[in-house]
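Analysis of the macromolecular model
What follows is each chain in one-letter form.
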Amino acid sequence: MSALRRLEGIALPGILRVLRLLPYSTSEGILIGLSLGKTVYDHRRLRRAYAWAARGGAGARSPWAVVLGLLVNRGRALAASPFMALLDPERARQRLEVRGLDHLEEARRRGGVILLGFHMGIIIIHRFLALLGYEVTAVGGSGWWHRVPSVDASWQAVRDRSPTHVWTEAPGSRADALYRLRQAALSGEIVMIMASGGQGRVLFDLPLPGRPLSVRAGWFVLRRATGLPTLPVLGHLEGGRRVVTIHPALPAPDPDERRDRDACRATLNPILEDFVARFPEQCVYLAMHIDVQPQSAPGVPSPESS
């Protein structure tokens, strides 16, 4: 763990205690300032962001304008995250808009549902849905957000409706988390898994503006193992609102793995292309992070290896 990350872990509880006492706009401004300062300190990400914007990520906009927007929106997205709990649940609910709920409700009538998330815009989507009363179990890697200190009792019901199975570096931890998610999905629950990120085998790359995005294989294994409808979900900030969009389900699993993979890729690519084109300033992961690609997956990996 870097010295900066250790310092963040030590300072986070105290920073949050102060931020939760301040008006939301003030807290958001402070987090935007911290985002700007951190990126200046970690200038490698600033260079990556400019390179991504100049290669096409910014579209027809000025690369530097998009880079500045990325830094601002990283702080705004952090402030908006339910993990930070800068607003009480009722005020957070008032700022939330969910589009495509009919797709989720239609899928739920048939049993369990898999929600497929991406590291674009706002990403803690299972907790946003919990604000509306949905119970969503998620799975993901450990990160700073799991070190966020506990919030007041008003958020407890939301957290109870949106548990996360976290995998660590321990052998078998990832496979165990995926197995728990599979059991929850087969029991008729709504579950959520991220398609992008730095762990697991690469299923395919999506040729998005600025650079490709590596899509991991864990969700694909889960989808084929359960046969359950899999709905892509994305979130973005729109003024002072958090907007979650639930897209129609991916095509039903094809018995042929290669055809199935190609069908999923063909469905996902235009959805994410459209998001990048409309909200380049909210594609922080795509602009600043490097996808680790331990192994490409010409076929479908086993659950243990994904």
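Residues numbered from 1 in each chain as written. Predicted model: local features only at pLDDT ≥ 70, side-chain atom pairs only at ≥ 80, totals over all residues. Heavy atoms only, no water.

Helix and strand counts for the chain come out as twelve helices and nine strands. Taken over 306 residues, the chain has a buried fraction of 48%. For the chain, the accessible area works out to roughly 13800 Å², and carbon and sulfur atoms hold 56% of it. (Helix = DSSP H or I, 4+ residues; strand = E, 2+ residues; numbered from the N terminus. Buried < 20%, exposed > 50% of the residue type's maximum accessible area, 1.4 Å probe, protein only. Areas by Shrake-Rupley, 256 points an atom, 1.4 Å probe, with all protein chains shown as cover.)

Quick look at the packing of aromatic side chains now. As enumerated under the stated definition, the model contains three aromatic pairs in all. Between Trp219 and Phe220, the ring centres sit 5.6 Å apart and the planes meet at 75°, which makes this aromatic pair edge-to-face. Here Trp219 matches Phe220 in class, with each residue buried. Across from the ring centre of Tyr24, 4.7 Å away, lies the NZ or CZ of Arg95, which sits over that ring. (Phe/Tyr/Trp six-rings, centres within 6.5 Å; stacked < 30°, edge-to-face > 60°. Lys NZ or Arg CZ within 6 Å of the ring centre and 35° of its normal.)

To continue, consider the confidence of the model for the chain. A residue-level look at the chain finds 87% of positions with pLDDT of 70 or above and a mean pLDDT of 87. Counted against residues more than four places away or in other chains, residues 294–306, with its pLDDT under 50, gives 31 contacts. (pLDDT = per-residue confidence, 0-100. Contact = heavy atoms within 4.5 Å.)

Looking at where Arg265 falls in the secondary structure, it is placed in helix α11 (residues 257–278). Along the backbone, Arg265 and Leu203 are 62 residues apart, and their C-alpha atoms lie at a distance of 9.4 Å. Apart from the residues within four sequence positions on either side, Arg265 is in contact with Phe204, Asp205 and Leu206. Polar side-chain contacts of Arg265 include one of 2.5 Å to the side chain of Asp262. (Polar contact = N/O pair within 3.5 Å; in protein donor to acceptor, adjacent residues only side chain to side chain.)

Opposite charge on two side chains allows them to pair when their charged atoms are near. Here the structure, examined in full by the defined rule, presents 14 salt bridges. Between Glu97 and Arg99 there is a salt bridge, and its shortest N-O distance comes to 2.9 Å. Note on Arg99: relative accessible area 29%, which makes it partly exposed. Taking the shortest distance from any N to any O, the salt bridge between Asp176 and Arg180 comes out at 3.3 Å. Of the two residues, Asp176 and Arg180 are both situated in helix α9 (residues 173–186); the distance of four residues between them amounts to about one turn of the helix. Arg180 gets classed as partly exposed once you look at its relative accessible area, which sits at 43%. (Salt bridge = Lys/Arg side-chain N within 4 Å of Asp/Glu carboxyl O.)

Here we come to a nonpolar patch on the surface. Together, Ile15, Val18, Leu22, Ile30 and Leu34 make up a nonpolar patch on the protein surface, roughly 360 Å² of accessible area in all. Going through the elements one at a time, α1 (3–19) and α2 (24–41) are the ones with two or more residues in the nonpolar patch. Checked against the element boundaries, Leu22 lands in the loop between α1 and α2. By relative accessible area, which is 30% here, Leu22 ends up partly exposed. (Patch = residues over 30% accessible without salt bridge, like charges linked within 9 Å, V, L, I, M, F, W, Y side chains within 5 Å.)

This part takes up the nonpolar core. If you look at the biggest cluster of nonpolar residues, it comprises 48 residues, and the most contacted ones within it are Trp52, Met120, Trp219 and Leu272. At six residues, the largest contribution of residues to this core is made by α11. If we skip the residues at most four places from it in the chain, Met120 touches Leu208, Leu213, Leu234, Gly235, Leu272, Phe275, Val276, Gln282, Cys283 and Leu286. Residues Tyr24, Met84, Met192 and Val244 belong to the second largest nonpolar core, which totals 35 residues. (Core = buried A, V, L, I, M, F, W, Y, C linked by side-chain atoms within 4.5 Å.)

Another aspect to go through is the environment of Leu228. Mapped onto the fold, Leu228 is located in the loop between α10 (218–226) and β8 (230–238). Each C-alpha atom, one on Leu228 and one on Ala252, is 8.0 Å from the other, the two residues being 24 residues apart in sequence. Those residues in contact with Leu228 that lie beyond four places of it in its chain are Gly112, Val113, Ile114, Ala185, Leu186 and Arg223.

What follows deals with unusual backbone geometry. The phi angle at Ala85 is positive, at roughly 55°, despite the residue not being glycine. Residue placement: Ala85 occurs in the loop between α4 (63–80) and α5 (89–94).

Of all six residues in strand β9 (residues 241–246), five are buried, a share of seventy percent or more. Taken together, the four bridges between strand β1 (residues 96–99) and β9 define a ladder with parallel strand orientation. Its bridge partner being in β9, Val98 is matched across the sheet by Val244. Pairing geometry for β8 and β9, over six bridges, is antiparallel. (Pairing = 2+ DSSP bridges.)

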